[in-house]
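# Residue-level structural notes
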Amino acid sequence: MKKISILGATGSIGQNTLDLISSEKDSFKVVGLTGSGNIDLLAQNAIDFGADIVATADESKFYDLKNLLSGHNIIVCAGPSGILEVSNQQTDWVMSAIVGSAGLLPGLSALEAGANVALANKESMVAAGPIMKRLSEINGVKLIPVDSEHSAIAQVIRGEERETLSKIIITASGGAFRNFSKSELVNVTPDQASTHPNWDMGQRITIDSASLFNKALEVIEAKEFFNLSVSEIEVVIHPESLVHAIACFHDGGMKAHLSPADMKHAIAYALHEEERLKLSLDEINLADVGALHFEAPDLDKYPALKLGYEVVEHGGLAGAAFNAAKEEALDSFINYKLSFLGMADVVRATLDELNSKNELEKVVEIERIMELDLLARSIAKKYVEKN
Ligand code: NAD
Ligand code: MG
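Each value, and the rule that gives it
Residues numbered from 1 in each chain as written. Chains lettered and ligands numbered in written order. Predicted model: local features only at pLDDT ≥ 70, side-chain atom pairs only at ≥ 80, totals over all residues. Heavy atoms only, no water. Donors = N, O, S within 2.8 Å, 3.2 Å for Na, K, Ca; no water. Helix = DSSP H or I, 4+ residues; strand = E, 2+ residues; numbered from the N terminus. Axes fitted to C-alpha atoms, helices over the stretch in contact; angles between N-to-C directions. Parallel < 35°, antiparallel > 145°, perpendicular 65-115°, else oblique. Left-handed = near helix turned anticlockwise from the far one by under 90°. Contact = heavy atoms within 4.5 Å. Nonpolar A, V, L, I, M, F, W, Y, C, P; charged D, E, K, R; others polar. Near = heavy atom within 4 Å. Polar contact = N/O pair within 3.5 Å; in protein donor to acceptor, adjacent residues only side chain to side chain. Areas by Shrake-Rupley, 256 points an atom, 1.4 Å probe, with all protein chains shown as cover. 1 Å grid on protein atoms, 1.4 Å probe; cavity = no way out; pocket = protein on both sides within 12 Å on 5 of 7 lines; lining within 4 Å. Points joined across faces, edges and corners; volume = space filled by probe spheres on them. Phe/Tyr/Trp six-rings, centres within 6.5 Å; stacked < 30°, edge-to-face > 60°. Buried < 20%, exposed > 50% of the residue type's maximum accessible area, 1.4 Å probe, protein only. Lys NZ or Arg CZ within 6 Å of the ring centre and 35° of its normal.

## Here we look at the coordination of the magnesium ion (ligand 2)
Within the protein, Asp147 (OD), Glu149 (OE) and Glu218 (OE) serve as the donor atoms for the magnesium ion (ligand 2), at 2.1 to 2.2 Å. Going along the chain, you hit the donors of the magnesium ion (ligand 2) in the pattern D-x1-E-x68-E. Placement of the pair is Asp147 in the loop between strand E7 (143-145) and helix H7 (148-157) and Glu218 in helix H10 (residues 213-226), with a sequence separation of 71 residues.

## Brief notes about the packing of helix H14 (residues 318-334) against helix H16 (residues 366-386)
Packing of H14 against H16 brings their axes to within 8 Å, and their N-to-C directions diverge by 40 degrees. Between H14 and H16, the angle is such that the two are oblique. Classified by chirality, the crossing of H16 by H14 is right-handed. Listed contacts from H16 to Ala320, Ala321, Ala324, Ala325, Glu327, Glu328 and Ser332 of H14 are Ile369, Leu372, Asp373, Ala376, Arg377, Ala380, Lys381 and Val384. Here the residues of the contact of H14 with H16 sort into nine nonpolar, one polar and five charged.

## Brief notes about the site of ligand 1
Around ligand 1, the structure places 22 residues, and the nearest of them are Thr10, Ser12, Ser36, Glu123 and Gly202. Between Ala120 and ligand 1, the recorded distance is 3.4 Å, taken from a backbone N or O atom to an oxygen atom. Residue Glu123 places a side-chain N or O atom 2.7 Å away from an oxygen atom belonging to ligand 1. Burial of ligand 1 by the protein chains amounts to 84% of its free accessible area of 830 Å². Secondary structure elements with two or more residues in the shell around ligand 1: helix H1 (12-22) and helix H6 (122-138).

## Structural notes on empty space enclosed by the protein
Enumeration over the complete set of coordinates arrives at one cavity of 30 Å³ or more. Of the pockets and cavities examined, the largest cavity occupies roughly 70 Å³. Residue lining of the largest cavity: Leu185, Ser211, Phe213, Lys301, Tyr302, Pro303, Ala304, Phe340, Leu341 and Ala344, and that is the complete set. Of the residues assigned to the lining of the largest cavity, the class counts are eight nonpolar, one polar and one charged.

## Topic: the packing of aromatic side chains
On inspection of all chains with the given rule, the structure shows six aromatic pairs. Taken together, a centroid distance of 5.6 Å and an interplanar angle of 65 degrees make the contact between Phe333 and Phe340 edge-to-face. Exposure remark for Phe333: the relative accessible area of 1% places this residue in the buried category. The class for Phe340 is buried, based on a relative accessible area of 5%. Ring-pair connections join several aromatic residues into one group, and the members of that group are Phe177, Phe180, Phe333 and Phe340. Its end group placed over the ring of Phe49, Lys25 keeps NZ or CZ at 4.8 Å from the ring centre.

Structure below.
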């Protein structure tokens, strides 16, 4: 039986992972689960899946969680150290699906503890890609992409020589405001930005999909996972969200990966460590779909995407600063302190200020990432107030 833990078990990716496991319960032993606010779900999942240890990120919920699990032989922890207690357990496989930079240290500790890590938490690759990769190499464990585009890239380049690859195209649905003009974006609300035409995801990534900040993170993530340069990563808007990535080769040939807009496909591929098993997941009926559409993104409407390319170009700590500033801007938008378009302005101003102060070094070290994360957030906050 494969021993596994799920970090961020109560979220959208976490629940999809548990769903997949529930149909193969004899193959997996759930060691640890983590969550945050939703402790009823966390406790129920821990009981149903026979977990040994659970942690909530929310320290104030420790006793409530303990009460929910009284009478069960399950260790209960809380706070960031409690999450690390779970990620440090000896397992074979860990799903890293906490949202935001809070997922970084748990993901690193899972690699250090010797687990193969399925990485949904793109923020950790954006902030600390070189460290993640180094730890996976040192510990001889796999780091497997879960983001649908990156899972698709891994699938289309499998068996191909790196030298024959000319570029990778990843797709973007265009999110909630695909058909809005830039002027129509001025007054959009968090509620409007929180619905996605194709994917069912957590609120933060859904809003990031509408602004294309998510795609910017994914461009950086693609660079880190697959050692690509700016000119080797292209983004196209693809409203159907069925093609996730395309590899383009020097001979003019292209290989595309298609699957339904359901994260279970990418999660299952990571869960089985890139082995293709017979699964009862939906398939695409191409005749029903009829047509697939592609168009170039408008960088004026989506300034976040332009920023993402600049971060790839700069390299080093720019990814960590970009992610932290983006998280602060997103919080401010969700709390009605910043407009939708203001998010990219705040992130740009923050990166410019950090760059002018030579804070965005090329060498990525964890202590500097943590320092810079705080600094970028405080600078971003200042620009939110000015905005
Ligand atoms: P979500 O909001 O649905 O779930 C987030 C999980 O993280 C929950 O379990 C929550 O309790 C936990 N969490 C929140 N704050 C925390 C903190 N401070 N410390 C510890 N745990 C905390 O998010 P999601 O949509 O499942 O996304 C999870 C990650 O996967 C994100 O990095 C996202 O970008 C990535 N991702 C998601 C999808 C998707 O379809 N949802 C697709 C690709 C990538
Ligand atoms: Mg994605």
